[in-house]
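Notes for the structure review
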Amino acid sequence: MKRRSFIKSTSLVGAATLLPASALAARRLVEQDLGGVVNTGPVVLSTWDFGRAVPEAAIKTLHLGGSLIDAVENAVKIPESDPQVTSVGYGGYPDREGRVTLDACIMDGNGNCGSVVFLEHIMHPVSVARLVMEKTEHVMLAGEGALQFALKHGFRKRQLLTEQAAAAFKEWLKTSRNKKAGVDKTNHDTIGLLAMDGKGNMAGACTTSGMAWKIRGRVGDSPLIGAGLYVDNDVGAATATGLGEAVIKVAGSFLIVELMRNGKSPQAACRLALERILHKQPHYAERNDFLAGFIALRRDGEVGACSYRKGLQYTLFKDSAIRVVDAEFIAT
Ligand code: ASP
């Protein structure tokens, strides 16, 4: 049934039957517009190039019988514990007081989600976010409370500031402390990861040390459900990287999923979300350091990615192969 005739026919149905009939018809509409579930096998998609080990960890977890949530958690734990990655977890660059504060979230395609923000001393914030999802009735824990929760569940306090990050902080204090914090090529790279099992189930995770040299207490888009990550088995999933404030302002990942729900391809949805940012906040286009980007996965396995500037890459596992792909960009 085409969208137009669907709307016409449901508007003629009596009030008593409208809800169940329209819910059923709406599901049929989604199935039709999005091509139904195609058995593609697993697909894993993540922002940037954090190495083959990331998608491999997700796929291996699934092969060993783990859940999709296990898969996305295990995959993003790799950059979280890698001291060479200065934008996620251990080794992440600190805030302007020299402290590493972490943000992360995790979500499945049925609306279950958990998040931690402004968390210090814990190597794997994504695992704490998962526990928030599974062990509490809440979605988000912040700061000291999130730390207490983590310690109560057996996580150990760690020094997350590496020598390399401390040296970079000292250098920043000398040269740039009076500059505004911003996202540029040297200080960003959140990992946002989306996965599907090819049988209609999706999940995602997003984890970051956030913008380097941020004001103490600043939280970006990455741990915010709907901004940094959104997953819906009925439609697809999206995640973000770049200037979190810009992404929050348009609820970027939720926007992309809703655009896909309304028939846009993952690629078009990512581009439209960026265009929405620039339409509402055109001043971003004047900033040399402005970068924001999205990746998206539709439930039939189709992917999309778009960033404001050239340079965003994403890592894709699909059809049994891993590839690093350059995203489309819109700045001329
Ligand atoms: N989105 C992250 C933040 O705003 C940074 C990034 O992805 O580069 O904290």
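Residues numbered from 1 in each chain as written. Predicted model: local features only at pLDDT ≥ 70, side-chain atom pairs only at ≥ 80, totals over all residues. Heavy atoms only, no water.

Observations concerning the overall build of the chain
Scanning the chain for helices and strands turns up ten helices and 13 strands. Classification of the 332 residues of the chain by burial places 54% in the buried group. Surface exposure of the chain reaches about 14800 Å², of which carbon and sulfur atoms provide 52%. (Helix = DSSP H or I, 4+ residues; strand = E, 2+ residues; numbered from the N terminus. Buried < 20%, exposed > 50% of the residue type's maximum accessible area, 1.4 Å probe, protein only. Areas by Shrake-Rupley, 256 points an atom, 1.4 Å probe, with all protein chains shown as cover.)

As for the side chain of Ser253
Looking at the secondary structure, you find Ser253 in helix H9 (residues 252–261). Within the structure, Ser253 has its side chain in polar contact with the backbone oxygen of Gly228 (distance 3.5 Å). (Polar contact = N/O pair within 3.5 Å; in protein donor to acceptor, adjacent residues only side chain to side chain.)

Some remarks on the pairing of strand S1 (residues 43–47)
With five of five residues buried, S1 is to be regarded as a mostly interior element. On S1, burial covers both faces: Val43, Leu45 and Thr47 on one face and Val44 and Ser46 on the other are all buried. By the bridge criterion, four bridges tie S1 to strand S5 (residues 191–196) in an arrangement that is antiparallel. Note that in S5 the partner of Ser46 across the bridge is Leu193. (Pairing = 2+ DSSP bridges.)

Concerning the side chain of Ser46
Among the structural elements, Ser46 can be located in strand S1. In contact with Ser46, other than residues within four places in its own chain, are Val54, Ile191, Gly192, Leu193, Ile295, Tyr314 and Thr315. (Contact = heavy atoms within 4.5 Å.)

With respect to the pattern of salt bridges
A complete count under the given rule lists 15 salt bridges for this structure. The salt bridge partner of Glu56 is Arg52, with a shortest N-O separation of 3.2 Å. Relative accessible area serves as the criterion here: at 38%, Glu56 is assigned to the partly exposed category. The shortest N-O distance in the salt bridge between Glu328 and Arg271 comes to 3.2 Å. (Salt bridge = Lys/Arg side-chain N within 4 Å of Asp/Glu carboxyl O.)

Examining the packing of aromatic side chains
Inspection of every chain in the model, using the stated rule, returns seven aromatic pairs. Between Tyr230 and Phe254, the aromatic rings sit 4.9 Å apart at their centres with planes inclined by 90 degrees, giving edge-to-face as the arrangement. With Tyr230 in strand S7 (residues 229–232) and Phe254 in helix H9, this residue pair connects regions lying 24 residues apart in the sequence. Judged by its relative accessible area of 18%, Tyr230 falls in the buried class. A residue is classified by how much of its surface remains accessible, and Phe254, at 34% relative accessible area, is partly exposed. Each member of the aromatic cluster is reached from another via a ring pair, and the members are Tyr93, Phe169, Trp172 and Trp213. (Phe/Tyr/Trp six-rings, centres within 6.5 Å; stacked < 30°, edge-to-face > 60°.)

A word on the confidence of the model for the chain
Residue-level pLDDT values for the chain average 89, and 85% of them are 70 or greater. Note on residues 1–19: pLDDT is under 50 here. Beyond four places in sequence and across chains, it has 17 contacts. (pLDDT = per-residue confidence, 0-100.)

With respect to the environment of Asp197
Its place among the elements puts Asp197 in the loop between S5 and strand S6 (202–208). When the C-alpha positions of Asp197 and Ser67 are compared, they lie 9.2 Å apart, and in sequence the two are 130 residues distant. In this view, Asp197 contacts Gly41, Pro42 and Leu68; residues no more than four positions away in its chain are not counted. Among the polar contacts made by the side chain of Asp197, one reaches the side chain of Asn201 at a distance of 2.8 Å.

Focus: the packing of helix H3 (residues 53–63) against helix H4 (residues 68–80)
Axis separation between H3 and H4 bottoms out at 8 Å; the angle between their running directions is 155 degrees. Relative to H4, H3 is oriented roughly antiparallel. Crossing angle aside, the handedness with which H3 passes H4 is right-handed. Along its contact with H3, which presents Ala53, Val54, Ala57, Ala58, Thr61 and Leu62, the element H4 presents Leu68, Asp70, Ala71, Asn74, Ala75, Ile78 and Pro79. In terms of residue class, the contact of H3 with H4 is built from ten nonpolar, two polar and one charged. (Axes fitted to C-alpha atoms, helices over the stretch in contact; angles between N-to-C directions. Parallel < 35°, antiparallel > 145°, perpendicular 65-115°, else oblique. Left-handed = near helix turned anticlockwise from the far one by under 90°. Nonpolar A, V, L, I, M, F, W, Y, C, P; charged D, E, K, R; others polar.)

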